[in-house]
Amino acid sequence: MGGAVSAGEDNDDLIDNLKEAYYIRSDLVERAFRAIDRADYYLDEYRDNAYKDLAWRHGNIHLSAPCIYSEVMEALDLHPGLSFLNLGSGTGYLSTMVGLILVMCSLHFVFAAF
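All of these numbers come straight from a predicted model, not from anything done at the bench. (Residues numbered from 1 in each chain as written. Predicted model: local features only at pLDDT ≥ 70, side-chain atom pairs only at ≥ 80, totals over all residues. Heavy atoms only, no water.)

Novice: Provide a residue-level description of helix α1 (residues 11–20), including the pertinent values.
Specialist: Among the residues of α1, N11, L14, I15, N17 and L18 are the ones counted as buried. One face of α1 carries all of its buried residues, which in axial projection span an arc of 160°. Where α1 is buried, its residues touch α2 (27–35) and α3 (66–75). The residue sitting at the N-terminus of α1 and contributing the capping side-chain oxygen is D10; that oxygen lies 3.2 Å from the backbone nitrogen of D12. (Buried < 20%, exposed > 50% of the residue type's maximum accessible area, 1.4 Å probe, protein only. Helix = DSSP H or I, 4+ residues; strand = E, 2+ residues; numbered from the N terminus. Arc of directions from axis to C-beta. Contact = heavy atoms within 4.5 Å. Polar contact = N/O pair within 3.5 Å; in protein donor to acceptor, adjacent residues only side chain to side chain.)

The structure is reproduced here in structure tokens:
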């Protein structure tokens, strides 16, 4: 799946293309995508594929297409204060972006007293 939008030269180009194709619709999702460079989740020798709207797999490493991640994030109607559990989170790319949204406006600290 994927390939719905053209490839970008860098992370910002990819996000601009996702916005233009109306995959990214909210400011929160856009900010999360811009904060996390997709190439950081690729092996060095495959980084030239990072800004394509395509899924990528290498052995046990898997990234879904950016349009899929954006559809998921928009459909979840994410906002600070919600909880999120991603079973089988793979590289952590989606979980990292979701985590940024969930703590964007607030941080929660847990202190244990012994």
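Novice: How would you explain the packing of aromatic side chains if you had to name every residue and give the values?
Specialist: In the structure shown here, the tally under the stated rule is five aromatic pairs. Aromatic ring contacts, followed pair by pair, group F33, Y41, Y69 and Y93 into a single cluster. Across from the ring centre of Y22, 5.4 Å away, lies the NZ or CZ of R25, which sits over that ring. (Phe/Tyr/Trp six-rings, centres within 6.5 Å; stacked < 30°, edge-to-face > 60°. Lys NZ or Arg CZ within 6 Å of the ring centre and 35° of its normal.)

Novice: Please set out the pattern of salt bridges residue by residue, giving values where relevant.
Specialist: Per the stated rule, a full pass over the model turns up seven salt bridges. The salt bridge partner of D16 is R34, with a shortest N-O separation of 2.5 Å. Placement of D16 in helix α1 and of R34 in helix α2 is noted, with a sequence separation of 18 residues between them. The closest approach of N and O atoms between E30 and K19, which form a salt bridge, is 3.0 Å. (Salt bridge = Lys/Arg side-chain N within 4 Å of Asp/Glu carboxyl O.)

Novice: Could you give me a rundown of helix α4 (residues 93–103), with the residues and numbers involved?
Specialist: Quick reminder: α-helices carry 3.6 residues per turn. Residues three or four places apart thus point the same way. Every buried residue of α4 is listed here: Y93, L94, M97, V98, I101 and L102. On its buried face, α4 sits against α2, β2 (61–63) and α3.

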